[in-house]
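Commentary on secondary and tertiary structure
Here is how the chains run, residue by residue.
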Amino acid sequence: MAKLNPKSIKRPLPYLLEAEWNDFKGVISLENLRKDCPCAECTGESIGNIVYSRPKEVKNEPGAFDLVNLKPIGNYAIAAAWANGHQTGIYTWEKFRLIFEKYNLDENSLMELAEKNKKNAKKIQLSVLK
Ligand SMILES: [Zn+2]
């Protein structure tokens with residue numbers, strides 16, 4: 001079986017996460033990592049046909065997509081903590097890799113995201129000045 005944990009994980013920009021495996025390298029937005037949070041609160045809980053809680057959509061509130069900590073759990077997973085206090089998400093290495101394959105950004109998407117984040121930064125500055 002191939003090793004599922006990446007060789008390296010970096011945060012090249014405040015809103016991006018980059019990971020490299022022996023056979024794959026990807027960069028995704030932290031927003032997508034957060035939106036695919038595998039915890040029970042975010043995905044909902046059901047056993048058979050009985051639904052205990054419904055999946056919860058991530059609100060775009062301050063700090064929601066701001067990663068404050070990423071910590072390996074044993075050798076099988078990584079736990080993410082977000083600035084708004086959400087820290088129940090534990091991504092197995094398998095899930096982590098799938099997220100990178102699913103949301104891997106190409107040049108164009110990276111440029112669009114850079115534009116979007118520039119605008120957001122301006123908005124934040126203006127509201128601070130008021
Ligand atoms: Zn969650």
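Residues numbered from 1 in each chain as written. Predicted model: local features only at pLDDT ≥ 70, side-chain atom pairs only at ≥ 80, totals over all residues.

A closer look at the overall build of the protein chain
Quick reminder of the rule: To qualify as a helix, a DSSP run of H or I must reach at least 4 residues; to qualify as a strand, a run of E must reach at least 2; elements of each kind are numbered from the N terminus. Note on contacts: each residue gets a C-beta atom placed from the backbone, and two residues are in contact if those atoms are within 7 Å.
When you go through the protein chain residue by residue, the secondary structure sums to four helices and eight strands. Along the chain direction, N to C, the helices and strands of the protein chain fall in the order β-β-β-α-α-β-β-β-β-β-α-α. Sequence separation of 24 or more characterises 37% of the internal contacts of the protein chain that already satisfy a separation of 6 or more.

Re the confidence of the model for the protein chain
In low-pLDDT regions, the fine details of the predicted coordinates are not to be read closely. For the record, the criterion: Each residue carries a pLDDT score, the predictor's own confidence in it, on a scale running from 0 to 100.
Across the protein chain, the average pLDDT comes to 91, with 95% of residues at or above 70. The element-level mean pLDDT for the protein chain is lowest in helix H4 (residues 107-129), coming to 85, with strand E3 (residues 25-29) highest at 98.

Quick notes on helix H3 (residues 93-103)
The test is simple: Counting other C-beta atoms within 10 Å of each residue's C-beta, where C-beta atoms are placed from the backbone, gives the exposure class: buried for 20 or more, exposed for 12 or fewer, partly exposed between. Directions are taken from the helix axis to each C-beta atom, and the arc is the one they span.
Among all positions of H3, only Phe96, Ile99 and Phe100 are buried. End-on, the buried residues of H3 take up no more than an arc of 95°, which puts them together on one face. Counted as exposed and oriented over 90 degrees from the buried face of H3: Glu94, Glu101 and Lys102. Turning to H3, the residues buried within the fold contact strand E2 (16-20), E3, helix H1 (30-35), strand E7 (77-82) and strand E8 (89-92).

Some words on the nonpolar core
Note the cut-off: For this analysis, nonpolar core means a set of buried Ala, Val, Leu, Ile, Met, Phe, Trp, Tyr and Cys residues linked through C-beta atoms within 7 Å.
Residues Leu17, Ala19, Val27, Ile28, Leu33, Ala80, Trp82, Tyr91, Phe96, Ile99 and Phe100 constitute the largest nonpolar core, which totals eleven residues. Looking at this core, the elements with two or more residues in it are E2, E3, E7 and H3. In terms of residue count, H3 provides more of this core than any other element does, three residues in total. Apart from the residues lying within four places of it in its own chain, the contact partners of Trp82 are Arg34, Gly63, Ala64, Asp66, Leu67, Val68 and Gln87.

Regarding the sheet that holds strand E6 (residues 67-73)
In sheet architecture, strand pairing relies on hydrogen bonds along the backbone and comes in two forms, parallel and antiparallel. The following threshold applies: We treat two strands as partners when DSSP finds at least two bridges between them. Under this scheme, a helix contributes an axis fitted over its contacting stretch, all axes are lines through C-alpha atoms, and angles between N-to-C directions fall in the 0 to 180 degree range.
In spatial order, the strands read E6-E7-E8; together these three strands make up an open sheet with antiparallel pairing. With one partner strand each, in any of the chains shown, E6 and E8 form the two edges of the open sheet. Between one strand axis and the next, the sheet turns by 25° as a mean value, whatever way the strands run. Strand direction decides the pairing type here: E7 and E8, joined by four bridges, are antiparallel. Within E8, the position partnered with Ala79 by the bridge is Ile90. Sheet strands in contact with H3 are E7 and E8, and its direction is about 85° off that of E8.

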